[in-house]
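# Per-entry structural report
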There are 2 protein chains.
Amino acid sequence: MANDLDSLRQQMRAVTSEIMQKVQERMELARQIGEVKSRLDLDVRDEKVEQEVRLAVIRQAAAIGMDRDFALRLLNTLLTESEAVQAQGRKSAAPKQTHLAIFQKAKQLEASGKKMIHLEVGEPDYSAPESVGRSLAEAFRSRQYHYTETRGIPQLRNAIAKASGVGEDEVIVTPGGRFAVFSAIAGLLKPGQELITVEPAWPAYRECAEFAGVKTKVLRTTLEDGWTPDIDELKSLISEGTKMLAINYPNNPTGKILDRKTMSGIVSLARDHGLYLLSDEVYSDYAFRQFDSVLTHDYEKSIVVSSFSKTYAMTGFRVGYAVAEAEIIKKMTRVQAVGITSVAEPIQHAALAALSEDPSANVRIMEKRLKFISSKLKEMGLRFVEPDGAMYVYPELPASDDISVVESLLEKGVAIAPGSGFGDSYSKFVRITACRPEDELAQGLEIMSSVIRK
Amino acid sequence: MANDLDSLRQQMRAVTSEIMQKVQERMELARQIGEVKSRLDLDVRDEKVEQEVRLAVIRQAAAIGMDRDFALRLLNTLLTESEAVQAQGRKSAAPKQTHLAIFQKAKQLEASGKKMIHLEVGEPDYSAPESVGRSLAEAFRSRQYHYTETRGIPQLRNAIAKASGVGEDEVIVTPGGRFAVFSAIAGLLKPGQELITVEPAWPAYRECAEFAGVKTKVLRTTLEDGWTPDIDELKSLISEGTKMLAINYPNNPTGKILDRKTMSGIVSLARDHGLYLLSDEVYSDYAFRQFDSVLTHDYEKSIVVSSFSKTYAMTGFRVGYAVAEAEIIKKMTRVQAVGITSVAEPIQHAALAALSEDPSANVRIMEKRLKFISSKLKEMGLRFVEPDGAMYVYPELPASDDISVVESLLEKGVAIAPGSGFGDSYSKFVRITACRPEDELAQGLEIMSSVIRK
């Protein structure tokens, strides 16, 4: 039998060597295809061809009794490397400027003595509720600064569960909405699987997917269509490997809220294809027309992400949460256990205090400011969709590209976010944030108007 | 030229199909090898054979002009799947009980009314410094609860840098030492690469590696060798794919501090093979004999992890940090930006306050308790190495296995950690924590003594 083992191992070595040889042949073909594409000025990536290859591999796997998930994982390794080989020698796109990069630049300019109007970062200027501060102090006094359950202290999970109409096992408290997105993507998807995002979008979905080795496919929406996603186009993007759809309404950066019919269409599509539906609802309190959480659609594979950051001006507390079925929460909890153990206990008590506060004054401020910004942008003659919610307006620039406008404005003491930070196709847009008092908004928009007119 | 493209794509499809065919042949061989191994009662994984295959692939890649990293990545995908195929049908090991699982169980028993003595969790019972509470309250009053730089507020990074004798760019503030470990492993290593841990070990290194698709190799140390790693054995574990070595002194769970000669040997080995050296020094203040940080060895690829949790009894604040070269910190910062944006600002101010406090009273308490535990364990006739530092004693049980002792003790109201939670080979050990007052320790150890004698 030990001889058997030796003989089998010898065969194993031979077949391994053949695999490597064939793979290298494939890479050589990829290189040649890359050259031809470059001469024809074609994109390296061709979703349609990839999709055909994927289907062929699935058929073959079924025919030869190969594990399908493994076959797709392997194919993905090959496709990713082929793309890299094909892209060699091509000019790479300039590194993208996101709103955060502009925020850091603005901060540096401020540090060197320049006065700055911050219309780039989604951080409300008003104060967190006083009860939050009291809770923080009380947590220290009562020595509530120990390890907690990974998914959060029961009191806070209970309060969130009650407010969301779900069970306590269907809630996890996370260090910010971002980590809820992170743990959903890393906990539910495998490397090589696909996530669909609806752009323009907060870059976190794509960043978390990239980190987890998950591919991102993009459904583009347009100003012309009022930022409403096209359900048929969305359907055409779904393939074998697609496992999650990430949406965000009220939307950052457009302020869009979908009507119930469109949302139902999205949920049906997710249901038909068994996709996780990651619904980032951190702006749900800033809704100036009817907004229904995805929870109202009763789809068992949805994950709602929320946060204390925006509603209660608690960005720097880094605390958010997710609501989903218990099995999903368990997988997210596992990621949280590996990464951070638990959210700081005093912070969880602060969040609990915030939940009892009424944010409606904040919401009124935000709505008033967004109306003000909209009126000013109309005066400038810019095209945009008036926001239904959230904290932003996303106008189209008349001519020049976003980065040059953003940089001219930085020099003049105004920071706004470039549209291309929310998706490759949006370099004609900029995002303006309503997180400063009206007189500052007026000043900033006045300067923006003068820069655009030039 | 478009015809060229079609023809190349046809060839591509053919070669892709051949690859899948060959891979499936390989899996069939793996299955047969698995059967033979099962009959011979051999382990599924054979490091030596894997190592040979790896070397053969590296040689072949060089010969046929294939990218070496890609070849190894691909091989790893194949090896992982082969292992899974070989393991099919085998009894899987019982799910491991870690100290955290026992902690959760003990908490549940407490919730149902049972009194518990907690000797399982590494969470000091004394209070955090009063200045920490004042700082927390002051941060709220002065509205310091906003997004900060991802790597942490400058004041805190400065203070840490000064204390560590490095530059401000060489520090990152993280949500606990755990996230420093996480971001080092996820930020510096690629899937398929290898990390070596020295066991017994805190399970986080292995958990983070698994999460990132990084393989873990284990250097076992023994009570007989006084928990000192064997440098030659360590050397023999290093292969092409090995990229990081994780060490932890003063050690959790053994309390060991290495002498300078052994540490120099480890650093030299890391240097010779270009390995990152992740040195978890969260217990460095709890050192009862000379302890030198790995920073004193001046190795440019070392990463020192530390935390405010243990020294200042701030476990539930979830704040730690890492010190490394600026380029390494940048890569860790990128992971932090994707996962959490930044550590909560009030928490960072609390940590800054803690840095000015003198922890020596805490250190004296811990040393005294560890001596007390040691004397009691000697009375029980158990074998163990007296701790040089940290907060634990790791004795060997006379006969029975750890889980049965741990469970009997739980019933009797004492929680201790099973040794096997720190590595597969340690089911004859348990870990006892010195984080409770001496009278509770005495009580708990008395009960343990009676359980063991049975």
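Fair warning: this is a prediction, and the values are worked out from it, not measured in the lab.

The next point concerns helix H3 (residues 68-87) of chain A. The terminal C-alpha atoms of H3(A) lie 28 Å apart, and with 20 residues this matches the ideal 28 Å at 1.5 Å per residue to within 8%. Residues of H3(A) that are buried include every one of Ala71(A), Leu72(A), Leu74(A), Leu75(A), Asn76(A), Thr77(A), Leu78(A), Leu79(A), Glu81(A), Ser82(A), Val85(A) and Gln86(A), and no others. Where H3(A) is buried, its residues touch helix H1 (2-40) and helix H2 (47-64) of chain A together with helix H1 (2-40) and helix H3 (68-87) of chain B.

Note that the two copies of the chain are related through a rotation about an axis and a translation along the same axis. Of the two same-sequence chains, chain A is brought onto chain B (RMSD 0.0 Å, axial shift 0.0 Å) by a rotation of 180°. On the angle and the small slide along the axis, the relation comes out as a two-fold axis. Both copies present the same face, since 100% of the interface residues in chain A are matched by interface residues at the equivalent positions in chain B.

Here we come to the domain arrangement of chain A. Residues and elements named next belong to chain A. One can read the domain layout of chain A as domain 1 (17-87), domain 2 (99-122 + 360-453) and domain 3 (130-355). The centre of domain 2, based on its C-alpha atoms, is set 26 Å off from the matching centre of domain 3. Counting residues at the interface gives 23 residues for domain 2 and 27 residues for domain 3. Secondary structure elements with two or more residues in the side of domain 2 that touches domain 3: helix H13 (360-379) and strand E9 (392-393). Counting residues per element, the side of domain 2 that touches domain 3 draws most heavily on H13, which supplies 4 residues. Of the residues contributing to the side of domain 2 that touches domain 3, the split by class is 11 nonpolar, 7 polar and 5 charged.

Now for the interface of chain A and chain B. Residue-level contacts link 79 residues of chain A with 79 residues of chain B. Mapped onto the side of chain A that touches chain B, the elements with two or more residues apiece are H1, H2, H3, helix H5 (130-141), helix H7 (177-188), helix H8 (204-211), helix H11 (326-339) and helix H12 (345-355) of chain A. A total of 26 residues in the side of chain A that touches chain B trace back to one element, the largest contributor, which is H1(A). Tallied by class, residues from the side of chain A that touches chain B come to 43 nonpolar, 19 polar and 17 charged.

Turning next to the sheet that holds strand E8 (residues 320-323) of chain A. Residue and element names in this part refer to chain A. One open sheet accounts for 7 strands, arranged E2-E8-E7-E6-E5-E3-E4; its pairing is mixed. Each end of this open sheet is capped by a strand with a single partner; those strands are strand E2 (171-174) and strand E4 (215-220). Within the sheet, the average angular offset between the axes of one strand and its neighbour, ignoring direction, is 20°. The sheet contact formed by E2 and E8 spans 4 bridges and is antiparallel. Within E8, the residue paired with Val171 across the bridge is Val323. Contacts between H8 and the sheet are confined to strand E3 (194-199), E4 and strand E5 (242-248), with E3 contributing the most and set at about 165° to the helix. H11 contacts E2, strand E7 (302-307) and E8 of the sheet and is inclined by roughly 25° relative to E2.

Turning our eyes to something else, we now look at the confidence of the model for chain A. Taken residue by residue, chain A gives an average pLDDT of 93. The fraction at 70 or more is 98%. For this predicted complex, the interface confidence reaches an ipTM of 0.89, while the overall pTM sits at 0.89.

So, about the sheet that holds strand E2 (residues 171-174) of chain B. Think of a sheet as strands paired side by side through backbone hydrogen bonds, with each pair either parallel or antiparallel. Residue and element names in this part refer to chain B. Taken together, the 7 strands give an open sheet; going across it, the order is E2-E8-E7-E6-E5-E3-E4, and neighbouring strands pair in mixed fashion. Two strands bound the open sheet, and with one partner strand each, they are E2 and strand E4 (215-220). Neighbour-to-neighbour, the strand axes of the sheet open up by a mean angle of 20°, direction not taken into account. Of the pairings in the sheet, the one linking strand E6 (residues 276-280) to strand E7 (residues 302-307) comprises 4 bridges and is parallel in character. Looking at E7, one finds that Ser279 is bridged to Val304. Across the sheet, helix H11 (residues 326-339) is in contact with E2, E7 and strand E8 (320-323); its angle to E2 comes to roughly 25°.

In this section: the packing of H13(A) against helix H15 (residues 438-453) of chain A. Angle between the axes and distance between the axes: these two values describe a pair of packed helices. Residues and elements named next belong to chain A. Contact pair H13 / H15: the axes reach a minimum separation of 11 Å and the direction vectors enclose 20°. If you check the angle between H13 and H15, you find them roughly parallel. The handedness of the crossing between H13 and H15 comes out as right-handed. On H15, the residues that touch Arg369, Phe372, Ile373 and Lys376 of H13 are Glu438, Leu441 and Leu445. Among the residues making up the contact of H13 with H15, the classes are represented as 4 nonpolar, no polar and 3 charged.

Another aspect to go through is the nonpolar core. For soluble globular proteins, the rule of thumb is that nonpolar side chains tend to be buried together. Ile185(A), Ala322(A), Ile185(B) and Ala322(B) are the most contacted members of the largest nonpolar core, which has 225 residues in total. Setting aside its immediate chain neighbours within four residues, Ile185(A) contacts Leu195(A), Cys208(A), Ala209(A), Ala212(A) and Val214(A). The next biggest cluster of nonpolar side chains, apart from the first, holds 38 residues, and it includes Val23(A), Ala71(A), Leu74(A) and Ala61(B).

Looking along a regular strand, one sees the side chains alternate between the two faces of the sheet. Residues and elements named next belong to chain B. Extensive coverage of E6 is indicated by the burial of 5 of its 5 residues. Residues of E6 alternate between two faces, with Tyr276, Leu278 and Asp280 on one and Leu277 and Ser279 on the opposite face, all of them buried. Strand direction decides the pairing type here: strand E5 (residues 242-248) and E6, joined by 5 bridges, are parallel. Within E6, the position partnered with Met244 by the bridge is Tyr276. In this region the chain leaves E5, passes through helix H10 (residues 260-272) and returns to the parallel neighbour E6; the handedness of that crossover is right-handed.

Another aspect to go through is the packing of helix H5 (residues 130-141) of chain B against helix H12 (residues 345-355) of chain B. All names here are of chain B. With their axes 8 Å apart at the nearest point, H5 and H12 run at an angle of 145° to one another. Remark: the crossing between H5 and H12 carries right-handed chirality. For the pair formed by H5 and H12, the contact residues are Ser131, Val132, Arg134, Ser135, Leu136, Ala139 and Phe140 on the first element and Glu345, Pro346, His349, Ala350, Leu352, Ala353 and Ala354 on the second. Classifying every residue of the contact of H5 with H12 by side-chain character gives 9 nonpolar, 3 polar and 2 charged.

With that settled, the discussion passes to helix H14 (residues 402-411) of chain B. Residues and elements named next belong to chain B. Looking only at H14, the buried set comprises Asp402, Val405, Val406 and Leu409. Taken down its axis, H14 places every buried residue within 100° of arc, on the same side. In this fold, the buried residues of H14 make contact with helix H4 (99-111), strand E10 (414-418), strand E11 (430-433) and helix H15 (438-453). Immediately downstream of H14, the backbone of Gly413 shows phi near 85°, a positive value.

Residue and element names in this part refer to chain A. The residue Ile196 is located in strand E3 in this model. Judged by the 26 C-beta atoms lying within 10 Å of it, Ile196 falls in the buried class. Separated by 148 residues in sequence, Ile196 and Ala344 have C-alpha atoms that sit 32 Å apart. Those residues within four positions of Ile196 in sequence are excluded, and the remaining contacts are Lys217, Leu219, Leu237, Thr242 and Leu245.

What counts and what doesn't
- Residues numbered from 1 in each chain as written.
- Chains lettered and ligands numbered in written order.
- Predicted model: local features only at pLDDT ≥ 70, side-chain atom pairs only at ≥ 80, totals over all residues.
- Helix = DSSP H or I, 4+ residues; strand = E, 2+ residues; numbered from the N terminus.
- Expected span 1.5 Å × (residues − 1).
- Buried ≥ 20, exposed ≤ 12 C-beta atoms within 10 Å, placed from the backbone.
- Contact = placed C-beta atoms within 7 Å.
- Least-squares fit on C-alpha atoms with pLDDT ≥ 70 in both.
- Domains from an automatic or database assignment.
- Nonpolar A, V, L, I, M, F, W, Y, C, P; charged D, E, K, R; others polar.
- Pairing = 2+ DSSP bridges.
- Axes fitted to C-alpha atoms, helices over the stretch in contact; angles between N-to-C directions.
- pLDDT = per-residue confidence, 0-100.
- Parallel < 35°, antiparallel > 145°, perpendicular 65-115°, else oblique.
- Left-handed = near helix turned anticlockwise from the far one by under 90°.
- Core = buried A, V, L, I, M, F, W, Y, C linked by C-beta atoms within 7 Å.
- Right-handed = clockwise from strand over helix to strand, strands pointing away.
- Arc of directions from axis to C-beta.

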